[in-house]
Amino acid sequence: MRFVFRPPATEAAGLLALPWDRPLATWPDDVLADVPQRRISRHVVRYVALEGTIYALKEIVEPLARKEYALLADFGADGLPTVGVLGICVDRPGDQPAILITRYLDYSVSYRHLFSTPRGDVSAEQLIDTLVALLVRLHLDGVFWGDCSLSNALFLPDAGTVAAYVVDAQTAERHASLSPDQRLRDVDIAIGRVAAELLDLEAAGLLPADVDAVQLAVGIRPKYDALWTELTREEVVLDDHASGVTGRVQRLSDLGFDVQEIELVTSGAQAVVRVRTQVAGPDAHRRELFRLSGLEVQENQARRLLDDLRGYRAWLEQRDGAELPDMVAGHRWVAEVYQPVVDAIPAHLLGRLAPAEVFHEILEHRWFLSEIEGEDVGTTTAARSYFDTVLGETTREPGVPSIGSRLKQPTAADGCR
Ligand SMILES: Nc1ncnc2c1ncn2[C@@H]1O[C@H](COP(=O)(O)OP(=O)(O)O)[C@@H](O)[C@H]1O
Ligand SMILES: [Mg+2]
């Protein structure tokens, strides 16, 4: 057998003890992490846990495994939202297919779960929007997906919305840029796949009564066209070039994308504004929060957390009558506001949602309680009430592992061949 791993190899070393010579479907329960098969997939997918990290293993023929491995690595390096790839195992005995190893995307949920969640804070429309935005980002970077669907993406709760990640890149192709025909074909594939998935949900009674599966799927095209056009169109501005440019950049930023380069071609009073949209975005808030606090969270979560950080900083500065340097303000907010709330999450509720999402929900809950009370109840009271009345009620997809709480750690004995 042969293993091809991306560094750091230390992470991979622990995986070597697994029974790679056996068909994945026959691996004993005691080496597998407790993540039930809850998704429709063509290939056998199993999960293992090692030192607090969960990995997804997919059995797939070698050429496809090699291709997907290279593509996922490439996407990751370019900052596209995909699952992280660790390596492949090839040349398994008896002509068995290869195994592709990816990192389990922590706190990710499937679309089926998002539709069946009683919390209902993510609508079907939002889910489609986020999938469309993902497809547009791939297209801007010259990636033809070839199989855009809800089940080939994973969704991460992000402050009342969701962020989408590519999980299945088997059919993807990388080009310098895509032709309109290629993009159209990709959108058509998405419409077909998503319609089938939504009809499936409908048949299972999981789609809200007011959602029309086919209409929602067909709506992918206008959504895609609108976003693509907004991101790439040339704009003619008259007279006030500066405000024309600022307005354009602001609209793109409102859509959650960064502008990488602006080209302004003037002729007399008229100017044409061309923008090159940054594929690695939209993550301006993530980067800013990381710079100030060292926290790595999703984009909308970062937006919320930054608001709270700024509010706390203003309060500190007013109280002490002195301006604080960025780094000091950021680290005081983490130490005095954010971390105490995260540390207060009761042990039995750990792992249900990412800490930043819990913090965001507590901010919402604080607002809600304060409205009822007619005065600000403060974060501590809001957190206590939230843990008792909201988080405890949150259902997770059954068996989705929570790091450190429900993992089965394979031991050396488990993994010996
Ligand atoms: N790294 C991962 N993290 C979380 N889930 C994963 C991961 N890799 C695969 N899965 C799950 O396995 C399912 C099937 O994987 P996918 O790559 O789509 O293969 P296929 O569709 O060819 O069987 C996905 O829909 C996803 O739910
Ligand atoms: Mg798939």
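This structure is a prediction, so every number in the text was calculated from the model and none was measured.

> Can you tell me about the sheet that holds strand β2 (residues 45-50), naming the residues and giving the values?
Pairing in this open sheet of five strands is antiparallel, and the strands run β1-β4-β5-β3-β2 from one edge to the other. With one partner strand each, in any of the chains shown, β1 (2-5) and β2 form the two edges of the open sheet. The average angle at which neighbouring strand axes cross in this sheet is 20 degrees, direction not considered. Packed onto the sheet, helix α2 (residues 62-77) meets β1, β3 (53-60), β4 (85-90) and β5 (98-103) and runs at close to 165 degrees relative to β4.

> Break down helix α5 (residues 180-203) for me, with residues and values.
With 24 residues, α5 ought to run about 34 Å at 1.5 Å a step, and its terminal C-alpha atoms sit 35 Å apart, in line with that. Within the span of α5, buried status applies to Q182, R183, D186, V187, I189, A190, I191, V194, A195, E197, L198 and L201. Packed against the buried residues of α5 are α3 (111-116), α4 (124-140), β6 (143-144), α6 (213-218) and α7 (220-232). Once α5 finishes, G205 follows within two positions and takes phi at roughly 70 degrees, a positive value.

> Hey, could you go over the coordination of the magnesium ion (ligand 2) for me, with residue numbers and the actual values?
Coordination of the magnesium ion (ligand 2) by the protein comes from N152 (OD1) and D168 (OD), over a distance range of 2.0 to 2.2 Å. Within this pair, whereas N152 is found in the loop between β6 and β7 (153-158), its partner D168 is found in the loop between β8 (161-166) and β9 (173-174), the two being separated by 16 residues in sequence. Of the two residues, N152 and D168, both sit in the buried class.

> Account for the nonpolar core, with residues named and values stated.
Ranked by size, the top nonpolar core spans 61 residues in total, and within it F115, L127, W145, L150, F155, V194 and L198 carry the most contacts. Looking at this core, the element that brings in the most residues is α4, giving nine residues. Both domain 1 (2-103) and domain 2 (111-230) contribute no fewer than three residues apiece to this core. Residue contacts for L198: discarding those within four places in its chain leaves F115, L150, L207, A213, L216 and A217. Counting residues in each nonpolar core, the second largest holds 33 residues, with I345, A356, A382 and Y386 among its members.

> Kindly report on the packing of α4 against α5, identifying the contributing residues and their values.
α5 packs onto α4 with a crossing angle of 155 degrees between their chain directions and a minimal axis gap of 11 Å. When the axis of α4 is compared with that of α5, the two are roughly antiparallel. Classified by chirality, the crossing of α5 by α4 is right-handed. Where α4 abuts α5, its residues I128, L131, L135 and H139 lie against R183, D186, V187, A190 and V194. In terms of residue class, the contact of α4 with α5 is made up of six nonpolar, one polar and two charged.

> Lay out the pattern of salt bridges with the relevant residues and their values.
Scanning all chains against the criterion turns up 24 salt bridges. Between E288 and R291 there is a salt bridge; the shortest N-O distance is 3.1 Å. Residue E288 and its partner R291 are both found in helix α9 (residues 284-293); the two are separated by three residues, about one turn of the helix. Salt bridges linked by common partners bring R42, K58, E68, D147, D168 and R193 together as one network.

> How would you sum up the pairing of β2? Please name residues and give values.
Among the six residues in β2, five count as buried, and that is most of the element. With six bridges connecting them, β2 and β3 associate as antiparallel partners. For R46, the partnering residue across the bridge sits in β3 and is L57.

Rules used in this analysis
- Residues numbered from 1 in each chain as written.
- Chains lettered and ligands numbered in written order.
- Predicted model: local features only at pLDDT ≥ 70, side-chain atom pairs only at ≥ 80, totals over all residues.
- Heavy atoms only, no water.
- Pairing = 2+ DSSP bridges.
- Helix = DSSP H or I, 4+ residues; strand = E, 2+ residues; numbered from the N terminus.
- Axes fitted to C-alpha atoms, helices over the stretch in contact; angles between N-to-C directions.
- Contact = heavy atoms within 4.5 Å.
- Expected span 1.5 Å × (residues − 1).
- Buried < 20%, exposed > 50% of the residue type's maximum accessible area, 1.4 Å probe, protein only.
- Donors = N, O, S within 2.8 Å, 3.2 Å for Na, K, Ca; no water.
- Core = buried A, V, L, I, M, F, W, Y, C linked by side-chain atoms within 4.5 Å.
- Domains from an automatic or database assignment.
- Parallel < 35°, antiparallel > 145°, perpendicular 65-115°, else oblique.
- Left-handed = near helix turned anticlockwise from the far one by under 90°.
- Nonpolar A, V, L, I, M, F, W, Y, C, P; charged D, E, K, R; others polar.
- Salt bridge = Lys/Arg side-chain N within 4 Å of Asp/Glu carboxyl O.

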